[in-house]
Amino acid sequence: MNKKNLLWGLLVALVVAAFLSPFASPSPDGLERVAEDKGFLHLAEGKELIHALMPDYVFPGVASGGLATSLAGLVGTLLVFAAMYLLVWLVIRPKGSAGKGPSGKGHLN
Amino acid sequence: MVIFISLGEAVDVHIPDGFLDTRIWVGAGVLSAGAVAAAVAKTRKVLEDRQVPALGVMAAFIFAAQMVNFPVAGGTSGHLLGGALAAILLGPWSAGLILTTVLIIQMLFFYDGGLTALGANVLNMAVIAPWVAYGTCRLVSNLFRSSAGRTAAIFLASWMSVMAAALAASLEIAFSGTVPLKIVLPAMLGWHALIGIGEGLITVVVVSFVSRLWGLEQPEQKSVAGGEGL
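Criteria and thresholds
- Residues numbered from 1 in each chain as written.
- Chains lettered and ligands numbered in written order.
- Predicted model: local features only at pLDDT ≥ 70, side-chain atom pairs only at ≥ 80, totals over all residues.
- Helix = DSSP H or I, 4+ residues; strand = E, 2+ residues; numbered from the N terminus.
- Buried ≥ 20, exposed ≤ 12 C-beta atoms within 10 Å, placed from the backbone.
- Contact = placed C-beta atoms within 7 Å.
- Nonpolar A, V, L, I, M, F, W, Y, C, P; charged D, E, K, R; others polar.
- Expected span 1.5 Å × (residues − 1).
- pLDDT = per-residue confidence, 0-100.

1. Some details on the overall build of chain B
Per the secondary structure count, chain B includes seven helices and two strands. Across chain B, helices and strands are ordered from the amino to the carboxyl terminus as α-α-β-β-α-α-α-α-α. Looking at chain B residue by residue over its 230 residues, the buried ones come to 62%. Considering only contacts in chain B between residues 6 or more positions apart, those separated by 24 or more positions represent 74%.

In structure tokens:
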């Protein structure tokens, strides 16, 4: 599990998010399909409790649908990576971490 | 979310706000908070700093893969859930933290899955799916100790994890009084039996690729996440 492999892993995730996501099947998926068929999809309408930045994986202000999805995918993938890293470092405080943080510099744990 | 359907995007397997009543989402929230707290306590004991990047990459990959819906049949699509993938490669405890992180980012930034439904979504996809996959994979690979047996175990574990998550979501929606169980359950399990095949295929390919990359010995490999994987 060396650093090179992990960088490749992150690159694969970014490529999937940027280049495969615009080709995702537009058909409704499992729960959505069932909610449509069984007539309870309307219950979710107008029930949004928060204002998300990129609802439905569409990057705001981009005219092209494919590009908007790609950008949302790229931003999201990096956000998830950073959030995971940060959460683990702050909450879990993994063993053997004394004296070096994620960047190799000292940290306050 | 219904307003976006005309654009051809999906509400997802994630439960949106409006499908669950207060009793159910509070209950699911309490259960999943307990499960996440247990995962934090457990990983604190075993996780080493050098393993952190693997969690980050796995979370990033699962997020990206969840965006790629594949068609299954009859105008329905599905996407990788990733609970089995994370549990098999990194163990169920780490998998719980990974899927929880993915779900929180999806909810906050993409409104994929509702705020009130976060507890239920974490319970279904970050707790139930990884543990069902972990249990199934262990059981089947112990029964058939061969390379083919391990592949079958991974496939079955992935399929079971999707079915278990779909079953849990059906129960939560039905017990909320949204739709009768006898209507929602067969429909959910029917579609997810197909979606689970995609989950199984993707998980088998990715696990075998990553295992080879890590140079781990199959079938009795040591996990990189503190030996808690399979």
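2. Here's the deal with the interface of chain A and chain B
Listed as interface residues are 61 residues of chain A and, on the opposing side, 69 residues of chain B. Mapped by element, the contributors of at least two residues to the side of chain A that touches chain B are helix H1 (3-20), helix H2 (30-37) and helix H3 (65-92) of chain A. Looking at side-chain class alone, the side of chain A that touches chain B contains 38 nonpolar, 12 polar and 11 charged residues.

3. Details of H3(A)
The end-to-end C-alpha separation of H3(A) is 39 Å, in line with the 40 Å expected for 28 residues at 1.5 Å each. Phi for A:Arg93, located one or two positions after H3(A), is positive at around 50°.

4. Re unusual backbone geometry
Residue and element names in this part refer to chain A. If you check the backbone angles, Asp-56 has positive phi at about 60° while not being a glycine. Note on Asp-56: 21 C-beta atoms within 10 Å, which makes it buried. Even without being a glycine, Tyr-57 presents a positive backbone phi close to 60°.

5. Some points on the confidence of the model for chain B
All names here are of chain B. Overall, the predicted model of chain B reaches an average pLDDT of 87, with 88% of residues at or above 70. Across chain B, the secondary-structure element scoring lowest on mean pLDDT is strand S1 (residues 70-73), at 86, and the one scoring highest is helix H3 (residues 83-90), at 97. Here residues 1-11 is modelled with pLDDT under 50, and outside its nearest four sequence neighbours on either side it reaches 25 contacts, counting other chains as well. Counting contacts from residues 217-230, a segment whose pLDDT is below 50, to residues more than four positions away or on other chains yields 39 contacts. The complex prediction reports pTM at 0.87, with the ipTM value standing at 0.86.

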